[in-house]
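Working through the structure, step by step
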Amino acid sequence: MSTDVRTRPAPPPVRETDPPRPRRRGRGAVVATAVAYLITFVILFPLLWIVLLSFQTNDNILNHPFSLSDLSLANYQRAMETLNLLVMYKNTLILAVVSVTVGLVISYMAAFALTRMVFRGRTQNALRYYFLVGLAIPVYVLLFPVYRLDIAFGLFGSYFALILPYIAVTIPFNILLLTGFLRDFPEEIEQAAVMDGVGLWRMAWKVVFPLMRPVVATLAILNVIYVWNEFPFAVTLINDPTLTTVSLGVSQFQGVYSVDHGAMMASATLVLLPQLVIYAAFQKQVIAGMTAGAVR
Amino acid sequence: MNWLSTRRHFALMVAPALIIYSVYMIYPILYSLYYSFSDYDGVTATDFTGLDNYRQMAQDDAFWTSLRNTGIILGIALFLLIPLGFLLAVLLSGRVRGSGVLRALVFAPAVIAPILVGLIWIFILDPEIGLVNAFLLAIGVPAHPQWIGGPTLSPYSIGLVYLWQQIGFVLTIFYAGLRMLPRDVMEAASLDGAGRRQKLRYIQIPMLRETFGIVTALVVTGVFKVFELVYALTGGGPVHLSEVMVSYMYHITFTTQQYGYGMALAVVVFVVGALASAATFLGNRRKEEAS
């Protein structure tokens, strides 16, 4: 009863091309372009506003937010003194690398076994549906039970408290997309490899996996963004300041800075900008990854 | 592949994913369901109280408020986010110079951590320090609406922030759909003298029926995941008036530690979310059959 729409595997990320160049640009095109730029500016304005505030004095933020005098880096100085940005980034990076790598490896193995191995009976199909049920489970329902599990397993207070649920939550969609692609994998290549005496393990990793790289890359991007931005599990399962993630750190800004709005905005900018720079660099892959399953 | 397919190898390859998934996703659902029939609070002995938690919910005003607020956000998503996302996709798929860059920029909010989105919007919406009211003051409007933190406007504001966050995503899906439309149909329509509006009404919208279905289903599931925005913008307050279902469940479970009641709320979150998605799914199917 997977009710998520992402029940349909999608082919590799859609290649975005610019719209065909029009032969003639009339007044309509000029108006359309102007409207499009205006809307984009309005949408981006909140982000620009935060960056602007991060250079304002607290007095100006409260009383003259539109003034452009007295801009300075003082907020950043205070932000750097209070903020443990490096710890936040280190923790989040460890969580993302470990959970995404392990999650993809085990999802790929399961998806391979579910689609490429040959058995009579319906076990494989039934198992695949069992995995896809997870698409309909909202993570919020898992928070308390997972918290109890982490305590029972003695994982509370370690990275594994978050790594295991992160892996579990990404498995259903990984399996959905991977099984979709693996099903279409041409049998001839496999047969040729079997003739050459290739074993199962090499078949999975050396013959088939290299051809699955585009899907795996799409999933990796999607999963890294999920873990990077994840908040509900982090706020529930982390109470040790040395394990704070980026999202968890951001949620504490209001408490940490109280009325020091300038430093708060400087800290927000220090989290925001790296994320936007990375997005700008991998923009096509990120959009393809996040819309995988919906766009084909 | 026949030779290589032994049951032992199959089990070894499926086991890691199967175990982690079963322990961390399936077991928790059963756990929630089980304890939703109890008065589990972690302190006193746990009794099984049947449907008491669900009866309590029916009489809990804060629960109904959270359901209504989730409904408000859903309404904004269905009646503003989807149409606006579609129109923006139509605009950007037309003769706009630099449309690729604009699409990437509009998508940017979807990449930012939701908790950071919440923090950013405090500085737009807060009645005292926010941009909107500062702007109203600057242009001489004396009104001082409580966009967040007041008794009425918060869920609408949260819905609009959700719209801001998702519009690039919705736009991208529609844009891809528009690009898939066969170009000769559009050209034939132009030759027959169809205007932009006619093409939109009689060709693009009907041919994108399936895309509308996908977007609707994605948006419906997405609305039930709104949590960070509430957490950052209002904390559910004042007195739970801006709570959504998920944030109220979180409050009951982790702040008041009524685990039994919290699990009952979790079960309802799961069921209502699944029903809404199933309704969308069935609606899509019927529309497709009708066409």
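Treat the numbers as computed from the prediction; the structure is a model and nothing was measured.

**What about the overall build of chain A?**
- A tally of helices and strands in chain A yields 15 helices and zero strands.
- A compact globule built from 296 residues would reach a C-alpha radius of gyration of about 19 Å, whereas chain A, at 24 Å, exceeds it by more than 25%.
- By its C-alpha atoms, chain A is 75 × 65 × 35 Å across when sized along the principal axes.
- Sorting the 296 residues of chain A into buried and exposed places 45% on the buried side.
- Long-range pairs, those at least 24 residues apart, make up 81% of the contacts in chain A with a sequence separation of at least 6.

**Considering the UniProt feature "transmembrane region" (unreviewed entry) in chain B**
All names here are of chain B.
- In the UniProt entry, the feature "transmembrane region" (unreviewed entry) is given for residues 12-34, 72-92, 104-124, 156-178, 211-233 and 259-282.
- Helix makes up 100% of residues 12-34 and strand makes up 0%, while its end C-alpha atoms are separated by 31 Å.
- From the first C-alpha to the last, residues 104-124 spans 23 Å; its make-up is 71% helix and 0% strand.

**Comments concerning the UniProt feature "domain: ABC transmembrane type-1" (unreviewed entry) in chain B**
- Within this numbering scheme, the UniProt entry marks residues 67-280 of chain B as carrying the feature "domain: ABC transmembrane type-1" (unreviewed entry).
- Between the C-alpha atoms that bound residues 67-280 of chain B the distance is 18 Å, and the span itself is 74% helix and 0% strand.

**Focus on the nonpolar core**
- Within the largest apolar cluster, 177 residues are counted, with the highest numbers of intra-cluster contacts made by A:A110, A:Y140, A:A268, B:L116, B:M249 and B:V269.
- Split by domain, this core shows at least three residues from each of two domains, domain 1 (27-80) and domain 2 (84-251) of chain A.
- The residues touching B:M249, leaving out its near neighbours within four places in the chain, are A:Y140, B:G262, B:L265, B:A266 and B:V269.

**Details of helix 3 (residues 61-93) of chain B**
- The end-to-end C-alpha separation of helix 3 of chain B is 46 Å, in line with the 48 Å expected for 33 residues at 1.5 Å each.
- Helix geometry: helix 3 of chain B is bent most strongly at B:A77, by close to 30 degrees.

**Describing the interface of chain B and chain A**
- The partner chain A presents 85 residues to the 84 residues of chain B that form the contact.
- Within the side of chain B that touches chain A, the residues separate by chemical class into 66 nonpolar, 14 polar and four charged.

**Notes on unusual backbone geometry**
- A cis amide bond links B:G237 to the next residue, B:P238, at an omega of -5 degrees.
- As for its position among the elements, B:P238 is in the loop between helix 11 (228-233) and helix 12 (245-255).
- For A:S258, which is not glycine, the phi dihedral falls at a positive 50 degrees.
- Along the chain, the position of A:S258 falls in the loop between helix 13 (253-257) and helix 14 (261-281).
- Residue A:S258 is classed as exposed on the basis of its 10 C-beta neighbours within 10 Å.
- Phi is positive for B:V239, which is not a glycine, with a value near 35 degrees.
- Inspection of the secondary structure puts B:V239 in the loop between helix 11 and helix 12.

**Here we look at the confidence of the model for chain A**
- When pLDDT is averaged along chain A, the result is 87, and 91% of the positions lie at 70 or above.
- Taken as a whole, residues 1-8 of chain A scores under 50 in pLDDT and shows 27 contacts with residues more than four places along the chain or in a different chain.

**Observations concerning the packing of helix 1 (residues 27-53) of chain A against helix 14 of chain A**
All names here are of chain A.
- At a minimum axis separation of 8 Å, helix 1 and helix 14 run at an interaxial angle of 125 degrees. The angle between helix 1 and helix 14 places the two elements in the oblique class. Crossing geometry of helix 1 relative to helix 14 is assigned as left-handed. Of helix 14, the residues touching helix 1 (which contributes L47, I50, V51 and L53) are M265, A268, T269 and L272.

Conventions used here
Going along each chain's sequence as written, the residues are numbered from 1 onward. Chains carry letters and ligands carry numbers; both start at the beginning, A for chains and 1 for ligands, and go up in the order they are written. In view of the model being predicted, local features appear only for residues whose pLDDT reaches at least 70, and side-chain atom pairs are presented and counted only at 80 or more, with totals across whole chains, interfaces and linings using the full set of residues. Only runs of H or I of at least four residues qualify as helices and only runs of E of at least two qualify as strands under DSSP, and these elements are numbered from the N terminus. Throughout, radius of gyration means the C-alpha value; the globule benchmark is 2.2 Å times the number of residues raised to the power 0.38. Counting other C-beta atoms within 10 Å of a residue's C-beta gives its exposure: the residue is buried at 20 or more, exposed at 12 or fewer, and partly exposed in between, where C-beta atoms are placed from the backbone. Note on contacts: each residue gets a C-beta atom placed from the backbone, and two residues are in contact if those atoms are within 7 Å. UniProt positions are given in the numbering used here, feature names are shortened, and annotations may be inferred rather than shown by experiment. Each nonpolar core reported here comprises buried Ala, Val, Leu, Ile, Met, Phe, Trp, Tyr and Cys residues connected via C-beta atoms within 7 Å. Each domain's extent is set by a domain assignment, obtained either automatically or from a database. Working rule for helices: expected span equals 1.5 Å times residues minus one. To get the bend at a residue, fit one axis to the 7 residues ending there and another to the 7 starting there, then take the angle between the axes. By the convention adopted, Pro, Cys, Tyr, Trp, Phe, Met, Ile, Leu, Val and Ala count as nonpolar, Lys, Arg, Asp and Glu as charged, and the other residues, Gly among them, as polar. Every residue carries a pLDDT, the predictor's confidence in it, which falls somewhere between 0 and 100. Structural elements are reduced to axes, namely lines fitted to C-alpha atoms, with helices fitted over the stretch in contact, and the angle between N-to-C directions of any two is expressed from 0 to 180 degrees. Angles below 35 degrees are treated as roughly parallel, those above 145 as roughly antiparallel, those between 65 and 115 as roughly perpendicular, and all remaining angles as oblique. Handedness of a helix crossing follows the sense of rotation of the near helix relative to the far helix, less than a right angle counterclockwise being left-handed and clockwise being right-handed.

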